[in-house]
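Close look at the chain arrangement
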Amino acid sequence: MPIVLSILANAGGVGKTTLGVHIAYELSRRNFSVALLDLDPQRSLDVFCGLTASESEDTVAQLFSKDFKGNYPLVSCWGESKVDVCQGHPRLSEVANELVIRKRGEYVLADKLKSYPLHHDLIILDCPATLGMLNVNALAASDYLLVPVQLEMKSIAGAAELVEWCITTAEELHLNPRPPILGFVPSMYDERRAIHKSYLQQLPAIAETLKIKVYPKIRDSSEFKNASANGLPLQKYRPAHQACNDFKAIANDLSNLIKTGNK
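Now for a look at the structure at hand. (Residues numbered from 1 in each chain as written. Predicted model: local features only at pLDDT ≥ 70, side-chain atom pairs only at ≥ 80, totals over all residues. Heavy atoms only, no water.)

**What about the side chain of Asp-46?**
Spelled out, the test is: A run of DSSP states H or I qualifies as a helix once it reaches four residues; a run of E qualifies as a strand once it reaches two. Both are numbered from the N-terminal end. For this analysis, a polar contact is any N or O atom pair within 3.5 Å, provided that within protein one partner can donate a hydrogen and the other can accept it, and provided that sequence-adjacent residues contribute only side-chain to side-chain pairs. Here, residues are in contact when the closest pair of their heavy atoms is within 4.5 Å.
Residue position: Asp-46 is located in helix α2 (residues 44-48). Within the structure, the side chain of Asp-46 is placed 2.9 Å from the side chain of Gln-87, a separation counted as a polar contact. With near-sequence residues (within four places) excluded, Asp-46 lies in contact with Leu-51, Thr-52, Ala-53 and Gln-87.

Encoded structure:
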């Protein structure tokens with residue numbers, strides 16, 4: 001069974017998709033296979049992976065269908081990489097509403113991934129910036145969680161609230177074990193902004209009270225936007241760029257988990 005990692009945030013624009021795409025590509029360079037599942041109705045992965053928008057029956061929305069029998073609509077991306085994508089679709093907003101009244105609505109994704117396991121080493125769930133039923137499904141299906149944090153007070157406070165939501169929701173779902181948070185990931189860091197430096201210094205103390213690891217910062221760079229505009233991860237678009245190294249610490253931890261089968 002692959003390891004399932006959810007990238008969660010309760011606000012938009014904090015770098016969830018950037019994080020997921022670059023972790024996936026970094027692991028593929030290490031010869032691990034990765035499936036990226038886009039649970040966001042905004043379907044940001046289409047842009048980051050250079051994919052054409054698909055009809056709902058060829059997207060992740062199909063996984064939530066009662067007729068789904070394991071025919072995952074995966075598309076490969078970036079040529080020789082070992083990354084497959086299950087695209088998002090606006091219909092996921094309707095799916096979220098339908099799950100509220102559905103039997104075992106909180107566990108649909110977990111049930112499908114268990115009944116029809118993917119062959120990949122890692123599954124990354126790129127979650128929407130809400131705390132609705134799609135994220136509840138992601139939590140129930142996950143082995144680990146990762147939380148990007150923008151270095152602003154609103155985002156840091158939101159991350160603390162997200163941790164509390166994960167704990168209480170996992171208890172309500174009787175998840176045993178409760179999926180641990182691998183760490184906070186300071187994102188979109190700009191060393192020219194004093195406020196970013198200040199919050200980056202404060203974040204470890206905040207994380208310590210929550211017993212959560214803090215990963216090295218992901219720097220802010222216009223090259224991320226340039227790379228995504230070309231449908232590529234930065235490692236492929238500009239492999240010599242220093243920001244390519246920002247994802248290695250997370251990839252190291254995930255590769256160790258995969259190698260040891262530590263779920």
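**A short note on the pattern of salt bridges**
Applicable threshold: Take a side-chain nitrogen of Lys or Arg and a carboxyl oxygen of Asp or Glu: if they are within 4 Å of each other, that pair is a salt bridge. For the exposure calls, accessible area comes from a 1.4 Å probe over protein chains only, and a residue counts as buried if that area is under 20% of its type's maximum, exposed if over 50%, partly exposed in between.
Going through the model one piece at a time under the given rule, you end up with 9 salt bridges. Across the pair Arg-192 and Asp-190 runs a salt bridge whose closest N-O atoms are separated by 3.0 Å. Looking at Asp-190, the relative accessible area reads 13%, which means it is buried. Of the charged contacts, one joins Asp-253 and Lys-213 as a salt bridge, the two residues approaching to 2.7 Å between their closest N and O atoms. A residue pair is termed long-range when its members are at least 10 positions apart, and Asp-253 in helix α10 (residues 248-260) and Lys-213 in the loop between α7 (194-209) and α8 (222-229) qualify at 40 residues. Judged by its relative accessible area of 41%, Lys-213 is partly exposed. What emerges from the salt-bridge pattern is a single network uniting Glu-26, Arg-29 and Arg-30.

**What to know about the sheet that holds strand β2 (residues 34-38)**
Using the following cut-off: The rule for pairing is simple: two strands pair if DSSP sees at least two bridges between them.
Spatial strand order, β3-β4-β2-β5-β1-β6-β7: 7 strands in an open sheet with mixed pairing. Strands with a single pairing partner mark the edges of an open sheet, and in this sheet they are β3 (75-76) and β7 (181-187).

**Quick look at the pairing of β2**
Most of β2 sits out of view: 5 of its 5 residues are buried. The two faces of β2 match: Val-34, Leu-36 and Asp-38 on one face and Ala-35 and Leu-37 on the other face are all buried. Relative to strand β5 (residues 122-126), β2 is paired through 5 bridges, and the arrangement is parallel. Looking at the pairing, Val-34 lines up with Leu-122 of β5.

**What to know about helix α6 (residues 153-172)**
What counts is decided by this rule: Given the number of residues in a helix, its expected span is that number minus one, multiplied by 1.5 Å.
The end-to-end C-alpha distance of α6, which contains 20 residues, comes to 29 Å, matching closely the 28 Å that a straight helix rising 1.5 Å per residue would cover. In this structure, the buried side of α6 is in contact with α5 (133-141), β6 (144-150), β7 and α7. Positive phi appears at His-174, one or two residues downstream of α6, with a value of about 55 degrees.

**A closer look at the packing of aromatic side chains**
For clarity, the threshold we go by: The aromatic pairing rule takes the rings of Phe, Tyr and Trp, using the six-membered ring of Trp, and pairs them if the centres are within 6.5 Å, calling planes under 30 degrees apart stacked, those over 60 edge-to-face and the rest tilted.
Across all of its chains, the model carries 4 aromatic pairs by this definition. When the centroid spacing of 6.0 Å and the interplanar angle of 90 degrees are considered together, the rings of Phe-224 and Phe-247 count as edge-to-face. Note that Phe-224 is positioned in helix α8 and Phe-247 in the loop between α9 (234-237) and α10, a separation of 23 residues in sequence. On the accessibility criterion, Phe-224 (10% relative accessible area) is buried. Judged by its relative accessible area of 0%, Phe-247 falls in the buried class. Pairwise contacts between aromatic rings join Phe-68, Tyr-72 and Tyr-116 into one cluster.

**Brief notes about the environment of Gly-183**
Among the secondary structure elements, Gly-183 is positioned in strand β7. By relative accessible area, Gly-183 is classed as buried at 0%. The sequence separation of Gly-183 and Tyr-144 amounts to 39 residues, and the corresponding C-alpha distance is 9.5 Å. The residues touching Gly-183, leaving out its near neighbours within four places in the chain, are Leu-145, Leu-146, Val-147, Ile-212, Lys-213 and Tyr-215.

**Describing the nonpolar core**
To keep things clear, this is the line we draw: By nonpolar core is meant a set of buried Ala, Val, Leu, Ile, Met, Phe, Trp, Tyr and Cys residues that side-chain atoms within 4.5 Å join together.
Formed by 52 residues in total, the largest nonpolar core has its most connected members in Leu-63, Phe-64, Leu-125 and Phe-184. Leave out the neighbours within four places in its chain, and Leu-125 touches Val-4, Leu-5, Ser-6, Ile-7, Leu-37, Leu-39, Leu-109, Ala-138 and Ser-142. One finds Ile-23, Leu-45, Tyr-215 and Leu-254 within the second-largest nonpolar core, a separate group that totals 39 residues.

**As for the packing of helix α3 (residues 92-100) against α5**
Going by this rule: Each axis is a line fitted through C-alpha atoms, taken for helices only over the stretch in contact, and angles between the N-to-C directions span 0 to 180 degrees. Angular relationships are summarised with four words: roughly parallel below 35 degrees, roughly antiparallel beyond 145, roughly perpendicular across 65 to 115, and oblique for the angles in between. Side-chain classes follow a simple rule in which Ala, Val, Leu, Ile, Met, Phe, Trp, Tyr, Cys and Pro form the nonpolar group, Asp, Glu, Lys and Arg form the charged group, and the remainder, Gly included, forms the polar group.
Two elements in contact, α3 and α5, have axes separated by 8 Å at closest approach and are oriented at 75 degrees. One way to sum up the angle between α3 and α5 is to call them roughly perpendicular. Contacts between α3 and α5 involve Leu-92, Val-95, Ala-96, Leu-99 and Val-100 on the former and, on the latter, Met-133, Leu-134 and Asn-137. Looking at the contact of α3 with α5 residue by residue, the class counts come to 7 nonpolar, 1 polar and no charged.

Taken by themselves, the reported measurements are silent on function.
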